[in-house]
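Summary of structural features
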Amino acid sequence: MAAPLSLHLEFGGGAELLFNSEKKHQVSLPGQAGPWDIRQLLVWIQQNLLKERPELFIQGDTVRPGILVLINDADWELMGQLDYQLQDGDTVVFISTLHGG
Amino acid sequence: MAQALATLREKFKEQEKEIAALREKVAQLEMSKTPAPRPDVKVTPPTSLTAKSSLSNEDIMRYSRQLLLPEFGVKGQINLSKTSVLVVGCGGLGCPLAQYLAAAGVGRLGLIDYDEVELNNLHRQVLHREENQGQAKALSAASAIKSLNSTVQCCPYQLQLSPENALDLIQQYDIVADCSDNVPTRYLVNDACVLSGKPLVSASALRMEGQLTIYNYKGGPCYRCLYPAPPPPDTVTNCSDGGVLGVVPGIMGCLQALEVFKIASGQGSSLHQQLMMFDAQDARFRSIKLRPRQSDCAVCGQNPSVTKLVDYESFCGSAATDKCRKLNLLSRDQRITVQAYKLMLDKAEPHLLLDVRPLVEVDICSLPFSLNIPLSQLEAKNSDDIHLLRERISHLKHQIAGISQPPVFVICKLGNDSQKAVNILEQMSGLQVDSIIVKDICGGLMAWANIVDPSFPQY
């Protein structure tokens, strides 16, 4: 049984508009049998934080194209993507790419 | 005898230097005498940059403050003067970028933009002037650059960068700066840079945020490595919808110029495999480490599937402009033109006008008799708003006894959100509110301002 996890979540580049325009969220994930990974975190976000129009954030079991995920200031691609096992105190940032100029 | 010879030689050298300086001045004057640059409609190769081996006295005077930097120095200045930079987009990013590169003495600037200067550009596109409204942005930017530094070779291109012309253009430049404002152009510029082996310094800005990266540089990723699939079109916000604070693209364009400057002078970019994000609200920069070049990338990977430029508008499902999309969700009998609505107003026919724009836009302007409930609150079925709507509709029903379904008209800025709202209200009709007939006003308040009431503000 893994202990509950405290995480710092951030949304930016417009992704925060799906979360009541709040960029920073301090959340606590309940303890569960195994460790939490990003795949499970996305489900948790969809059920607990994301109220409206989930298709603008999630597609299938991952984030929609155009959203970059950062784990502790690194591209999630370098960290194992959906399989990254979350640690207590991690910061996970979801950034929507900007195209304006 | 030997003494006299040495003195003469010294004098001779001095005279030679003077002649060289004069020659340079004559050349400069001749260049500035040439008529104002005409925008290139077809892509013609610019004349090649002549390699300077030393700086003239005037160069030294003009660039002295940056020549003093050990990181830059004479070598950096000479390198910069040999460098050509293609600026894709002369808007909020392209203006400050081109301005600083020209001021610093870059060799050649290519300035691409298909668009014309509008009043609502001036708060952020700082090279354009009030008197240049209606003029091609590429030309307006070029004339501002010319008056700032006449020694910079400036090539305005009044055209839309396209799969047909992108490679020809990009091949003529050393570094590309993506200052564009839409997704298809970003993929196009990326692929063209990968195919021509050019570094791409890419910035973007919206609302109060900015992002900056360098692609296709020293084994780092390209745009497609990070974003293999384009975002769904309805998740993309442009500056005319989302708004942008002018200083934000200003900051991002300056940072972008800085990285171009470092590559051009020979120091190399600091953003290799990095993304820099700027949050203007918190006054905070954040730099994050990016993935390296992806071996399975469609354009820069080991077995690329994109080996020539493709149709980027169909790949992205959106047009290569930042103009707003026009939705078409409703049938003709669910819509009414602004002219027809005006006739109805003139006849004082009772109805409810529902404005579904966000409050920040209603603060800018609104029709005085409208009821404002933002689309997002309708979508969320906000109970206070539903209550208000129900009351207003039932009041209207009493007013026009005998008509079973009171008319409700929905308006927004351009006529997209109003169509979505009509669909929501039709679902509510007869359930959460009395049964109504609901229509959207085609083209919204901007059509109202254009066609019916020219004194109504446009934004």
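This is a predicted model, so every value here is computed, not measured.

Notes on the interface of chain A and chain B
On the chain B side, the residues contacting the 32 residues of chain A number 42 residues. Between chain A and chain B, the buried area comes to about 2,900 Å², and carbon and sulfur atoms account for 54% of it. If you sort the residues of chain A by the area they bury against chain B, Leu-98, His-99 and Gly-101 of chain A come out on top, with a joint share of 26%. For the interface between chain A and chain B, the tally reads eight salt bridges. Between Asp-75 of chain A and Arg-291 of chain B there is a salt bridge, and its shortest N-O distance comes to 2.6 Å. There are 16 residue pairs in polar contact (both at pLDDT 80 or more) connecting chain A and chain B. If you list the elements that add at least two residues to the side of chain A that touches chain B, you get strand E1 (5-12), strand E5 (67-71), strand E6 (74-75) and strand E7 (91-96) of chain A. For the side of chain A that touches chain B, the element with the most residues is E7 of chain A, which contributes four residues.

Side note on the packing of helix H3 (residues 73-81) of chain B against helix H10 (residues 247-265) of chain B
All names here are of chain B. Relative orientation of the contacting elements H3 and H10 amounts to 105°, with a least axis distance of 8 Å. With respect to each other, H3 and H10 are oriented roughly perpendicular. Taking contact as the criterion, the partners of Gly-76, Asn-79 and Leu-80 in H3 are, on H10, Phe-261, Ala-264 and Ser-265. Grouping the amino acids of the contact of H3 with H10 by side-chain chemistry returns three nonpolar, three polar and no charged.

Remarks on the UniProt feature "modified residue: 1-thioglycine" (unreviewed entry) in chain A
The residues that UniProt annotates with the feature "modified residue: 1-thioglycine" (unreviewed entry) are Gly-101 of chain A. Residue placement: Gly-101 of chain A occurs in the segment after E7.

Topic: the UniProt feature "active site" (unreviewed entry) in chain B
The residues that UniProt annotates with the feature "active site" (unreviewed entry) are Cys-239 and Cys-412 of chain B. If you trace the backbone, Cys-239 of chain B turns up in helix H9 (residues 239-242). Judged by its relative accessible area of 10%, Cys-239 of chain B is buried. Non-local contacts of Cys-239 of chain B, meaning those with residues more than four positions away in its chain, are made with Gly-100 and Gly-101 of chain A together with Arg-124, Ala-205, Leu-206 and Val-244 of chain B. Assignment of secondary structure puts Cys-412 of chain B in the loop between strand E12 (407-411) and helix H16 (417-428). Using a relative accessible area of 4% as the deciding quantity, one classes Cys-412 of chain B as buried. Those residues in contact with Cys-412 of chain B that lie beyond four places of it in its chain are Val-356, Arg-357, Asp-417, Ser-418, Gly-444 and Leu-445 of chain B.

As for the packing of helix H12 (residues 338-346) of chain B against helix H17 (residues 444-452) of chain B
Two measures define how a pair of helices packs: the angle their axes make with one another and the distance between the axes. Residue and element names in this part refer to chain B. Interaxial distance between H12 and H17 falls to 9 Å at its minimum, and their mutual angle equals 75°. Our classification of the angle between H12 and H17 gives roughly perpendicular. Contacts between H12 and H17 involve Val-338, Gln-339, Tyr-341, Lys-342 and Leu-345 on the former and, on the latter, Gly-444, Ala-447, Trp-448, Ile-451 and Val-452. Residue composition of the contact of H12 with H17, by class: seven nonpolar, two polar and one charged.

Some words on the UniProt feature "domain: Rhodanese" (unreviewed entry) in chain B
Mapped onto the present numbering, the UniProt feature "domain: Rhodanese" (unreviewed entry) falls at residues 347-457 of chain B. The annotated region residues 347-457 of chain B carries 42% helix and 14% strand content, and the separation between its end C-alpha atoms amounts to 24 Å.

Focus: the packing of aromatic side chains
On inspection of all chains with the given rule, the structure shows 13 aromatic pairs over all chains. Both rings, one in Phe-11 of chain A and one in Phe-19 of chain A, keep their centres 3.8 Å apart while their planes meet at 15°; by these two values the pair is stacked. Phe-19 of chain A matches Phe-11 of chain A in its accessibility class, with the two residues each being buried. Here the aromatic rings of Tyr-341 of chain B and Trp-448 of chain B are separated by 6.0 Å at their centres, their planes lie at 65°, and the arrangement is edge-to-face. With Tyr-341 of chain B in helix H12 and Trp-448 of chain B in helix H17, the pair connects residues that are 107 residues apart, well separated along the chain. You'll find Tyr-341 of chain B and Trp-448 of chain B in the same group, each marked buried. Through pairs of rings, three or more aromatic residues link up here, namely Tyr-187, Tyr-215, Tyr-223, Tyr-227 and Phe-315 of chain B.

Here is what the cut-offs are and how they apply
One numbering rule holds for all chains: residues counted from 1, following each sequence as written. Numbering of ligands from 1 and lettering of chains from A proceed in the order in which they are written. Selection of residues for local features in this predicted model requires a pLDDT of at least 70, selection of side-chain atom pairs for listing and counting requires 80 or more, and totals for whole chains, interfaces and linings are taken over all residues. Water and hydrogen atoms play no part in the side-chain values, which are based on all heavy atoms of the structure. The contact rule is simple, with two residues in contact once any of their heavy atoms fall within 4.5 Å. The term buried area refers to how much accessible surface (probe radius 1.4 Å) is lost by two components on association, counted for both of them together. The working definition used for a salt bridge is a side-chain nitrogen of Lys or Arg within 4 Å of a carboxyl oxygen of Asp or Glu. Pairs of N or O atoms are called polar contacts if they sit within 3.5 Å, as long as, within protein, a hydrogen donor faces a hydrogen acceptor (for residues adjacent in sequence, only side-chain-to-side-chain pairs). In DSSP terms, a helix is any run of H or I states spanning at least four residues, a strand is any run of E spanning at least two, and both are numbered starting from the N terminus. As a rule, the C-alpha atoms of each element are fitted with a line to give its axis, helices using only the stretch in contact, and angles between N-to-C directions run from 0 to 180 degrees. Note on angle classes: values under 35 degrees are labelled roughly parallel, values over 145 roughly antiparallel, values of 65 to 115 roughly perpendicular, and the remainder oblique. Think of it as three bins: nonpolar holds Ala, Val, Leu, Ile, Met, Phe, Trp, Tyr, Cys and Pro, charged holds Asp, Glu, Lys and Arg, and polar takes everything else, Gly as well. UniProt positions are given in the numbering used here, feature names are shortened, and annotations may be inferred rather than shown by experiment. Only protein chains enter the accessibility calculation, which uses a 1.4 Å probe. A residue is then buried if its area is under 20% of the maximum for its type, exposed if over 50%, and partly exposed in between. Two aromatic rings, drawn from Phe, Tyr or Trp (for Trp, its six-membered ring), form a pair once their centres lie within 6.5 Å of each other, and the interplanar angle then sorts them: stacked below 30 degrees, edge-to-face above 60, tilted otherwise.

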